[in-house]
Amino acid sequence: MIDVNVGANGQLAYDPPSVQAMAGDIVRFHFNPKNHTVTQSAFDPPCVPLAAGGFKSGFVPVQAGTDPLPVQEFTVPDNGGAPLWFYCGQTAHCGQGMVFAINAPQDPDPHSFNAFKALAIARNGTAASTTTAPPTSTTTTSASDNYTTPPPPKWTEATKTITWNGQTYTTTYTSYDGTPDPTPAVTPQEHRIVVGAEGQLVYSPANITAQINDTVVFEFHPKNHTVTQSSFSTPCEGLPNGFKSGFKPVDATVTDNFPTFSIKITDTAPIWGYCGQVGHCQKGMVFAINAVESGPNNFAAFQQLAQ
């Protein structure tokens, strides 16, 4: 019996990532919190399921604190000791190196486990590549359908002289392709977003535009949600220095004077966020402020990445 942890400690990894086994041995996959798969592939392409006959665990969502962890078993076939290759089918996980192998040759063999992992990362989850350079966009097999993952967003710091309200000053801001100049609102506005509107796992509205000096007020409705800042590429992981409301439990009997959490807009770059309650982000409970809808890093793409 060979035990392998899937996504232990929140990592996008199988532990151990590669094992040696005999025909008839049983590999027990222990699924840790979050939502992963064990899906059999070929060495190339590394992030695409075998056309027929390959092992598929399906998605196994696991809440934090689950004990015992769910387990699925794989019996090693009598294939003469040939390598077997696997990956996680969750969106973008394979492209980040979440792969596994049985009986992979050792380095420096070109079909070693490290070569398999490097190929998955280089392809960034795509089925095929016509060049040695990583593609500008990626394709991953997800729970719902084949999905094209946008490239990571790019931004730089820029300095601009602003004339506003009779004053001229110089400001440094995040220059992001498609965002407006960092000119404050003539009259600052308050934007209100309902968290968990009508008992649903949603922010309402989930995608807004706000100017510098505007305030965004999050109003928490019944259940227990959070407002947690993340990044486009990792929708369900909090930024180390991002804003966090913490959990805001609200009783079902509350009908007014809802608790709130506010942020002030200081930049025109997109702001991404999610609910930190177990499983909510993965069900699409995310929001965006100033997402650039004309480009690939739009709100719909962000929400798809979360699911």
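Read on for a plain summary of the structure. Since this is a predicted model, take the numbers as computed values, not measurements. (Residues numbered from 1 in each chain as written. Predicted model: local features only at pLDDT ≥ 70, side-chain atom pairs only at ≥ 80, totals over all residues. Heavy atoms only, no water.)

Glancing now at the pairing of strand S15 (residues 190-195). The two faces of a sheet get side chains in turn, since along a regular strand they alternate between them. The pairing of S15 with strand S18 (residues 215-220) spans six bridges and is classified as parallel. Across the sheet, the residue bridging to Glu190 is Thr215, located in S18. Two strands pair when backbone bridges link them, and S15 and strand S16 (residues 203-204) are joined in this way by two bridges, in the antiparallel orientation. Paired with Val194 across the strands is Ser204, a residue of S16. (Pairing = 2+ DSSP bridges. Helix = DSSP H or I, 4+ residues; strand = E, 2+ residues; numbered from the N terminus.)

Once that is clear, we can look at unusual backbone geometry. Only a minority of non-glycine residues have a phi that is not negative, and only a minority of peptide bonds are not trans. At the junction of Asp44 and Pro45, the peptide bond is cis and its omega measures out at 10° in the coordinates. A cis amide bond links Asp107 to the next residue, Pro108, at an omega of 10°. Its place among the elements puts Pro108 in the loop between strand S10 (99-102) and helix H1 (113-123). Unlike most non-glycine residues, Glu198 shows phi in positive territory, near 55°. Phi is positive for Lys223, which is not a glycine, with a value near 100°.

Taken in spatial order, the four strands make up an open sheet running S16-S15-S18-S22, and their pairing is mixed. Where the open sheet ends on each side, the last strands, each with one partner, are S16 and strand S22 (260-264).

Below, the discussion takes up the environment of Asp267. For Asp267, the location among the structural elements is in the loop between S22 and strand S23 (271-274). Asp267 gets classed as buried once you look at its relative accessible area, which sits at 18%. For Asp267 and Ile212, which are 55 residues apart along the polypeptide, the C-alpha to C-alpha distance reads 5.8 Å. (Buried < 20%, exposed > 50% of the residue type's maximum accessible area, 1.4 Å probe, protein only.)

Listed as buried for H1 are Phe113, Phe116, Leu119, Ala120 and Arg123. End-on view of H1: buried residues confined to an arc of 125°, all on one side of the axis. (Arc of directions from axis to C-beta.)

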